[in-house]
Amino acid sequence: QVQLVESGGGLVQAGGSLRLSCAASGRSFSFYAMGWFRQAPGKEREFVAAISWSGGDTYYADSVKGRFTISRDNAKNTVYLQMNSLKPEDTARYYCAAARRVVPGTHENEYNYWGQGTQVTVSS
């Protein structure tokens, strides 16, 4: 069992930056691939970024590529999402997820555990 708690969301102006954190509790965090998803009001949850258990492989949605960076610190049981050059369309609730697999997926159903999310609002 893995519990995930996100933090770092908030209100930021367009062009600004935020860093989200996801703290995991439970055993064997380093054996889980991790992902970030987001859901805007009235829209389905969508993939944002993912990272393999070792941190050696990362994947991004086209909409955030070049602006967001996912990383992890297995010693701290934490995964991060650095978000730069934020746009109003990045406004959403951001969720951290863990998958019992080596290579992360880009679909919700590939993840086993989810956090409660943290709200990111980007003003124009």
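Everything below is about the structure shown above.
Okay, so let's go over this structure. Worth saying up front: this structure is predicted, and the values here are computed from it rather than measured.

Observations regarding the pattern of salt bridges
By the definition in use, this model includes six salt bridges. Salt-bridge contacts for R38 lead to D90; the nearest nitrogen and oxygen are separated by 2.9 Å. One end of the pair, R38, is in strand 4 (residues 33–39); the other, D90, is in the loop between strand 8 (78–83) and strand 9 (92–99), and 52 residues separate them in sequence. One exposure class covers both R38 and D90, and it is buried. E108 is paired through a salt bridge with R45; the nearest N and O atoms lie 2.9 Å apart. With E108 in the loop between strand 9 and strand 10 (113–114) and R45 in the loop between strand 4 and strand 5 (46–51), this pair connects stretches of sequence that are 63 residues apart. Here the salt bridges do not stand alone but share partners, grouping R38, E46, R67 and D90 into one network.

The rules behind each value
Residues numbered from 1 in each chain as written. Predicted model: local features only at pLDDT ≥ 70, side-chain atom pairs only at ≥ 80, totals over all residues. Heavy atoms only, no water. Salt bridge = Lys/Arg side-chain N within 4 Å of Asp/Glu carboxyl O. Helix = DSSP H or I, 4+ residues; strand = E, 2+ residues; numbered from the N terminus. Buried < 20%, exposed > 50% of the residue type's maximum accessible area, 1.4 Å probe, protein only.

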